[in-house]
Amino acid sequence: MWRTIYVSILASALLVSGLWHIAMPSLTDYWMKNARIVRAVGILLLVLAIPCLAWRGWYFRTLLLALTVSGIWRLCFPQNSIRLQRTIYPRRIHGLLLIGGAIFVWVLRR
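What you see is a predicted model, and the numbers here were worked out from it, not measured in a lab. (Residues numbered from 1 in each chain as written. Predicted model: local features only at pLDDT ≥ 70, side-chain atom pairs only at ≥ 80, totals over all residues. Heavy atoms only, no water.)

**Thoughts on the confidence of the model for the protein**
Chain-level statistics for the protein give a pLDDT mean of 91 and a share of 99% at 70 or above. Confidence, expressed as mean pLDDT per element, reaches its minimum in the protein at helix H5 (residues 78-87) with 86 and its maximum at helix H3 (residues 35-49) with 95. (pLDDT = per-residue confidence, 0-100. Helix = DSSP H or I, 4+ residues; strand = E, 2+ residues; numbered from the N terminus.)

See below:
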């Protein structure tokens, strides 16, 4: 039961974030160029990774790895995160990647 709730929350968060990136790219870019906000997102990702420590299997280990790497990168190197995401692709593309992540999280759940 807790796993289902966790996966639902994670997939929903990714979906909402992705839709926000697509609907409001200018506002998202304004917020996400602030190192404090990027660090806060990193902390949130690390907090979301914690439940994966309690559950076994490739699915939760993969989520743990993805959330931890992404969280540490944003927490420890916010300027690199900001620069990379502003120069490689537009916010809308990042939104599509987040929506794709939400779909994968939901489809591959156990």
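**Points about the environment of Phe104**
Counting through the fold element by element, Phe104 comes out in helix H6 (residues 91-107). In this structure Phe104 comes out as exposed when scored by relative accessible area, which is 55%. Sequence separation between Phe104 and Ala66 is 38 residues, and the spatial gap between their C-alpha atoms is 13 Å. (Buried < 20%, exposed > 50% of the residue type's maximum accessible area, 1.4 Å probe, protein only.)

**Section: the layout of surface pockets**
Each pocket or cavity is described by its volume, and for the largest pocket that value is around 900 Å³. Top element by residues in the lining of the largest pocket is helix H4 (residues 58-76). It accounts for 9 residues. (1 Å grid on protein atoms, 1.4 Å probe; cavity = no way out; pocket = protein on both sides within 12 Å on 5 of 7 lines; lining within 4 Å. Points joined across faces, edges and corners; volume = space filled by probe spheres on them.)

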